[in-house]
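Next come the chains, spelled out residue by residue.
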Amino acid sequence: MSATLQNLVNQPYKHGFVTSIESDVAPKGLNADTIRMISAKKKEPEWLLEFRLKSYEAWLKMEEPTWPNVHYPKIDFQEISYYSAPKQKPKLKSMDEVDPELLRTFEKLGVPLHERMALAGVAVDVIFDSVSVATTYKDKLAEVGIIFCSMSEAVQDHPELVQKYLGTVIPSTDNFYAALNSAVFTDGSFCYIPKGVKCPMDLSTYFRINTEESGQFERTLIVAEEGASVSYLEGCTAPAFSSNQLHAAVVELVALDNADIKYSTVQNWYAGDEKGVGGIYNFVTKRGLAKGVNSRISWTQVETGSAITWKYPSCVLLGDNSVGEFYSVAVTNHYQQADTGTKMIHIGKNTRSTIVSKGISAGHSNNSYRGLVKVAPSATGARNYSQCDSMLVGHHSGAHTFPYIQVANNCSQVEHEASTSKIGEDQLFYFAQRGIDAEAAVSMIINGFCKDVFQQLPMEFAVEATALLSFKLEGSVG
Amino acid sequence: MIYPDSKIVLEVRGLCASVNGTEILKGLDLTVRRGEVHAIMGPNGSGKSTFSKILAGHSAYEVTGGTVMFEGQNLFDMEPEERARAGVFLAFQYPIEIPGVINSQFLRLTYNTVQTHRDKEELDPLEFDDYVREKMKLLEMSPDFLERSVNEGFSGGEKKRNEILQMAMLDPRLAILDETDSGLDIDALRIVANGVNQLAGKDNAIVMVTHYQRLLNYIVPDYVHVMEAGRIIKTGDKELALELEARGYDWVGAECKAASEAAA
Ligand SMILES: Nc1ncnc2c1ncn2[C@@H]1O[C@H](COP(=O)(O)OP(=O)(O)OP(=O)(O)O)[C@@H](O)[C@H]1O
Ligand SMILES: [Mg+2]
C-alpha cells in the first residue's frame, strides 16, 4: 500500500515547460543604477523613483530574516536579474491580439484563458513574467468606475491613486523582502473600486514565472472605497527549473468604511523535484488594512507549490467593528518547506478575526503555522477565533505550530484550538475494503480536512484547488 | 442454506500467517459454498479477526503458507480494493473513524466504485440519496447519519449498523461479519440480523464470527466451526453452537487432542 502511495505522490510536475517568448532581460546584479534603469524603462514619475531608491537604501541596511523555520543556502542577490519583460506590444484590446505562444502556455496549464473567462465571467489581468500583456473586461469594469489594470499602467494613468496608497499598508522598511520588492518591483496588479460599487465579477490574475533566474517582484495594490466590495483571485504556476528562483511579492489591500475585500490565492509554483532540487523561493508580504468602520479583509489561500514558502497574509483591523479573516490550506511534500500563517492586529473597538489554518505535510517536508493575534489596548471588545489543524502523511514529515497571542486589554476574547492527525494505514484499509483505492481515499480524506477553507473559495477556484491537492498528495501515506 | 452442487465461493487450505514474526494462523482449512451461512466461534485471541482481515487483504499480516481461492481465483493475487470490488465484504469488529469525510459522500463513492467495476450504473447524488435512505429504512437508521463523518462519534452499535448498511449496498458475494452482534442491543440485533438475512441468497455466502449463540437464533448457520490457536478444530451444525454455549470451549480442545493422540 505504501509503495502505491509513494508512486502517486511522485508524479512529475505537470506544468513544467518553458515558453520561448523572447525576453528583454536585465543583466544580473543590483545597485542604484539598476533601479534607475527599471524606473526609466517604465517611464516612471520622479516620486516613484525616489520611493524605490529610498527602499533600496533601507534594504541595504537590513538583514535577511532567519527566524522562519526554513532552511536554504544563502541567496546571492547580485546573481539575480531584476528585470525581464516579454517583447511585445503592451496594450491589447482583445485576446486575439495576445501572442499565440502565450495562449498555448495557458492551454498547457490546463486553464485555457478564453474558456475560463467565458465560463466564469472572470476578468483576467494576465501577468506574464513581469509585464502585463493582456487586460480584459476593462470596459465593462470601467462602466462602473472600477480600475483594474497592471501596476505599470496605473502608474501612468492614475499616478495620484498609486501615490496615495502605495506603501501605506506595508512600508518599504517593513521587512527585508518588502524593502527589496519596493526597490525593484517591475509590475503587478492595481485595482480600485470606487465608493459604493460592488464589483460585478471576480477579478483574476494569473501569475507565471517564465525566465530562468529572473527574480519576480510583483506589486499589487487593491483599494476599496467606502461601501465598495471586490473578490480577487490570484493563481500561479511555474516551469520546472532546477535552479531556485526567488519570488518576493508585496500585496497591499486597503478597505475604507464598510468596504469588503476578499483575496483568494491558489499557489502552485514549481516545488523542486522529489529530491528537493530546484523550486521557487516564495517570500511574500501580504497585508490588508481594514481602515474604515465595519470594513472586512478576508484572505483565503491554498498553498501547494514552491520549495520554500514564507508568507503571512495579515490584517490590520483599524476601523471599529472591522473584520479580518484568514483561511489557509498549506500542503508540503518531498523536501518542501512552508512557514506560513497570519497576523491579526486588533486596534479598533469590537474588531473580530477568524483564523482557520490547515497544514498537510507529506514526504520529508516541513510545514509550520505561525500566527500572531495582537489586541491593542484600544481594541476593547475584540474577539479572535483560531483553529490550526495539521495532518501528517507518512512517517518523515513534520508539522509545527507557533501561535503568538498578545492581549493588552481585559475585555477581549481570544480562542485557540489546535489538532494534529495522521492518515493511518487502517483508514486506508477501510477504504480499500470498500473498493476505494488509496489515491481516491487520500483525496477524500484531505478534501474533508480542508473543507472549511475550500468553502471560502469562489466556486471554480474550489474545483481547481481540490484537483490540485489530489494531484499533489494522492498516495503519500507510507 | 446448503444447496447440492453449489459452487465454491471460498476455499482455504492450510493457511498460515504471522504478524510481527508471531505465527497466528497455523494451518487453517475452510470451504464455503454459495448459499451457505457459516459461523466461526472460538476463544479470544484464537485468530478469528486475523483470518477475516487476511481475507480482506490487510497488509500487516504476512501469509506464510497455504492457499485461498475465491470464486476460482487466487485471492492473494488481488489487491484489497480488487477483492472488495469482486465481492469480498468484511464488516469490521472495530470500524475505524474517518473524521472530516462525510458519510453520505463516502457511501456514494464506495457504491459507485463497486458498481463501475461490475459494469453497472452509477448513481448521481440525488438518486443515491433515495437509494441509501431506502436501505437505511430497512436497518431503522436515522438519515442523520448521512451527514456525519464516517463512524466518527458513532456508538458501538451505530458503527455496526453502518457496516451492515454498506453490506446491503454493496451486495457482496462473500460477507464476513466479524462480531457484528457485539455491542448491539436486543432490538438492534434483530434489525441487523434481518438485514443480513435479506442478503442471504443462493448466490452468496456469509461467514459470521461470533461469541454468542444469541445471534444464531436469528441467522441460522448451516455450519458452526470452532477455531482455536489459529486452526479450525471442529465443525458441526447449529447444535454445536448450543453445546458450546452450555459447555464452553475446553472440551473441544480436549476431544481434539484425544483424537489426534489416538490417531498417532
Ligand atoms: N498487529 C498485531 N501485533 C501483534 N499481535 C497481534 C496483532 N494482531 C493480532 N495479534 C495477536 O494475534 C492473536 C489473534 O488475534 P485476533 O484479533 O485474530 O483474535 P480473535 O480470535 O479475533 O479474538 P477476539 O475474540 O478477542 O476478537 C492475538 O493473540 C493477538 O494479540
Ligand atoms: Mg476478533
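Residues numbered from 1 in each chain as written. Chains lettered and ligands numbered in written order. Predicted model: local features only at pLDDT ≥ 70, side-chain atom pairs only at ≥ 80, totals over all residues. Heavy atoms only, no water.

### Things to note about the overall build of chain B
- When helices and strands are counted, chain B shows ten helices and twelve strands.
- Relative to the globule expectation of 18 Å for 264 residues, the C-alpha radius of gyration of chain B, 19 Å, shows essentially globular dimensions.
- Overall, chain B is about 65 × 40 × 40 Å in size when its C-alpha atoms are taken along their principal axes.
- When each of the 264 residues of chain B is scored for burial, the buried share is 52%.
- Contacts in chain B between residues far apart in sequence, at least 24 positions, make up 69% of those at least 6 positions apart.
- Summed over its atoms, the accessible surface of chain B is roughly 11900 Å², and 48% of this surface lies on carbon and sulfur atoms.
- Placing the 28 positive and 42 negative side-chain charges of chain B at their respective mean positions leaves the two points 2 Å apart. (Helix = DSSP H or I, 4+ residues; strand = E, 2+ residues; numbered from the N terminus. Rg over C-alpha atoms; globule rule 2.2 N^0.38 Å. Buried < 20%, exposed > 50% of the residue type's maximum accessible area, 1.4 Å probe, protein only. Contact = heavy atoms within 4.5 Å. Areas by Shrake-Rupley, 256 points an atom, 1.4 Å probe, with all protein chains shown as cover. Lys, Arg positive; Asp, Glu negative; His and termini not counted. Charge placed at Lys NZ, Arg CZ, Asp CG, Glu CD.)

### So, the coordination of the magnesium ion (ligand 2)
- Within the protein, the atoms that donate to the magnesium ion (ligand 2) are B:S49 (OG) and B:Q93 (OE1), at distances of 2.0 to 2.2 Å. Highlighted residues: B:S49 in helix α1 (residues 48–56) and B:Q93 in the loop between β6 (88–91) and β7 (98–102), separated in sequence by 44 residues. (Donors = N, O, S within 2.8 Å, 3.2 Å for Na, K, Ca; no water.)

### Observations concerning the site of ligand 1
Residue and element names in this part refer to chain B.
- Inspection of the region around ligand 1 gives 15 residues, with G45, K48, S49, T50 and H211 positioned closest.
- Contact distances for ligand 1 include 2.8 Å between an oxygen atom and a backbone N or O atom of S49.
- H211 is positioned such that a nitrogen or oxygen atom in its side chain is 2.8 Å from an oxygen atom of ligand 1.
- Sorting elements by how many residues they give to the shell around ligand 1 places α1 first, with three residues.
- Broken down by class, the residue content of the shell around ligand 1 amounts to four nonpolar, nine polar and two charged. (Near = heavy atom within 4 Å. Polar contact = N/O pair within 3.5 Å; in protein donor to acceptor, adjacent residues only side chain to side chain. Nonpolar A, V, L, I, M, F, W, Y, C, P; charged D, E, K, R; others polar.)

### What to know about the UniProt feature "domain: ABC transporter" (unreviewed entry) in chain B
- With numbering aligned to this structure, UniProt lists the feature "domain: ABC transporter" (unreviewed entry) at residues 10–254 of chain B.
- Between the end C-alpha atoms of residues 10–254 of chain B the distance is 29 Å, and the span holds 40% helix and 29% strand. (UniProt positions renumbered as here; feature names shortened; annotations may be inferred.)

### Concerning the sheet that holds strand β10 (residues 205–209) of chain B
Residues and elements named next belong to chain B.
- Read from one edge of the open sheet, six strands run β6-β9-β10-β3-β11-β12, paired in mixed fashion. At either margin of the open sheet sits one strand with a lone partner, and together these are β6 and β12 (231–236). Strand-to-strand twist in this sheet, taken as the mean axis angle between neighbours without regard to direction, amounts to 20°.
- The sheet contact formed by strand β9 (residues 174–178) and β10 spans five bridges and is parallel. In the sheet register, A175 faces β10, and the bridge partner there is I206.
- Where helix α6 (residues 156–170) meets the sheet, it contacts β6 and β9, and its direction lies at approximately 165° from that of β6. (Pairing = 2+ DSSP bridges. Axes fitted to C-alpha atoms, helices over the stretch in contact; angles between N-to-C directions.)

### Some thoughts on the interface of chain A and chain B
- Taken together, the 16 residues of chain A in the interface contact 33 residues of chain B.
- The junction of chain A with chain B conceals about 2000 Å² of combined surface from both sides, 67% of it contributed by carbon and sulfur atoms.
- For the chain A face of the interface with chain B, the top three residues by lost area are A:F429, A:Y430 and A:R434, together amounting to 36%.
- Applying the counting rule to chain A against chain B returns one salt bridge.
- B:E163 serves as the salt-bridge partner of A:R434, at 3.0 Å between the closest nitrogen and oxygen.
- Applying the counting rule to chain A against chain B returns 13 residue pairs in polar contact (both at pLDDT 80 or more).
- Of the residues forming the side of chain A that touches chain B, the biggest block, eight residues, is contributed by helix α10 (residues 425–433) of chain A.
- Among the residues forming the side of chain A that touches chain B, the class breakdown is seven nonpolar, four polar and five charged. (Buried area = accessible area lost by both parts, 1.4 Å probe. Salt bridge = Lys/Arg side-chain N within 4 Å of Asp/Glu carboxyl O.)

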